[in-house]
Amino acid sequence: VLHEPCGNSPSHQSGLWEHEEGYRWFVDRRNAKYSIAMFSQMHHWRRAVMDQQGSIAVLSTVGPLERYATLYSVLLSTLQVEWYLANIGLGYMGVNMPLFL
């Protein structure tokens, strides 16, 4: 049974980048809570993602956790350092930046 894509599905979220308005929505200070939530989720998943790595050669081995972590990494990587400093702060950046290095 195929389910309708929910508002939090990867295909729905990646559709934000097809339009410039989607990027502007994502970087808007009023919507910073979503980026902070993604950072928090990435921090929570950090060990599990490394333990459960799949292979692109065998797509069925790439689980939902790794797919969402990849999506969040791509979305968060487009934000500039100034945005992080203004909206998230140095403390959160220090905790989460090893995920992106």
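Residues numbered from 1 in each chain as written. Predicted model: local features only at pLDDT ≥ 70, side-chain atom pairs only at ≥ 80, totals over all residues. Heavy atoms only, no water.

Colleague: How would you summarise the overall build of the chain if you had to cite specific residues and measurements?
Modeller: When you go through the chain residue by residue, the secondary structure sums to 6 helices and 0 strands. Overall, the chain shows an N-to-C arrangement of helices and strands of α-α-α-α-α-α. Split into buried and exposed, the 101 residues of the chain put 27% on the buried side. Counting only contacts in the chain whose residues sit at least 6 apart along the sequence, the fraction spanning at least 24 positions is 60%. Accessible surface for the chain amounts to roughly 7100 Å². Of this, 59% is attributable to carbon and sulfur atoms. (Helix = DSSP H or I, 4+ residues; strand = E, 2+ residues; numbered from the N terminus. Buried < 20%, exposed > 50% of the residue type's maximum accessible area, 1.4 Å probe, protein only. Contact = heavy atoms within 4.5 Å. Areas by Shrake-Rupley, 256 points an atom, 1.4 Å probe, with all protein chains shown as cover.)

Colleague: Tell me about a nonpolar patch on the surface, and name the residues and values.
Modeller: A cluster of nonpolar side chains, Val81, Leu85 and Leu90, forms an exposed patch at the surface whose accessible area comes to about 300 Å². Mapped onto the elements of the fold, leucine 90 is located in helix H6 (residues 90-96). (Patch = residues over 30% accessible without salt bridge, like charges linked within 9 Å, V, L, I, M, F, W, Y side chains within 5 Å. Salt bridge = Lys/Arg side-chain N within 4 Å of Asp/Glu carboxyl O.)

Colleague: Lay out the side chain of asparagine 87 with the relevant residues and their values.
Modeller: Following the sequence through the fold, asparagine 87 ends up in helix H5 (residues 81-87). Asparagine 87 sits in the buried class, given a relative accessible area of 16%. In terms of polar contacts, asparagine 87 uses its side chain to reach the side chain of arginine 29, at 2.9 Å. Leave out the neighbours within four places in its chain, and asparagine 87 touches Arg29, Ala32 and Ile36. (Polar contact = N/O pair within 3.5 Å; in protein donor to acceptor, adjacent residues only side chain to side chain.)

Colleague: Hey, could you go over the nonpolar core for me, with residue numbers and the actual values?
Modeller: The biggest cluster of nonpolar side chains holds 17 residues, and the ones touching the most others in it are Phe26, Met38, Tyr72, Leu76, Leu79, Trp83 and Tyr84. Looking at this core, the elements with two or more residues in it are helix H3 (32-51), helix H4 (64-77) and H5. (Core = buried A, V, L, I, M, F, W, Y, C linked by side-chain atoms within 4.5 Å.)

Colleague: I'd like to hear about H3, residue by residue, with values.
Modeller: Relative to the 28 Å expected for 20 residues at 1.5 Å per residue, H3 spans 29 Å between its end C-alpha atoms, a close match to the ideal helical length. Remark: the principal bend of H3, roughly 55°, maps to tryptophan 45. Those residues of H3 lying buried are Ala32, Ser35, Met38, Phe39, Met42, Trp45 and Val49. (Expected span 1.5 Å × (residues − 1). Bend = angle between axes of the 7 residues up to and from the residue.)

Colleague: So, the packing of aromatic side chains: which residues are in play, and what are the values?
Modeller: Using the criterion set out here, one finds 5 aromatic pairs in the structure. Judged by centre distance (5.3 Å) and plane angle (80°), the ring pair of phenylalanine 39 and tyrosine 84 falls under edge-to-face. Here the residue phenylalanine 39 occupies a position in helix H3, and tyrosine 84 occupies one in helix H5, the gap between them amounting to 45 residues. Tyrosine 84 carries the same exposure label as phenylalanine 39, and that label is buried. Between the aromatic rings of tryptophan 83 and tyrosine 84, the centroid separation amounts to 5.6 Å while the plane-to-plane angle is 80°, which identifies the pairing as edge-to-face. Residue tryptophan 83 is classed as buried on the basis of its relative accessible area, which comes to 10%. Three or more aromatic residues link up through ring pairs in this structure, and these residues are Phe39, Trp83 and Tyr84. (Phe/Tyr/Trp six-rings, centres within 6.5 Å; stacked < 30°, edge-to-face > 60°.)

Note that all results are geometric; they support no functional claim without further evidence.
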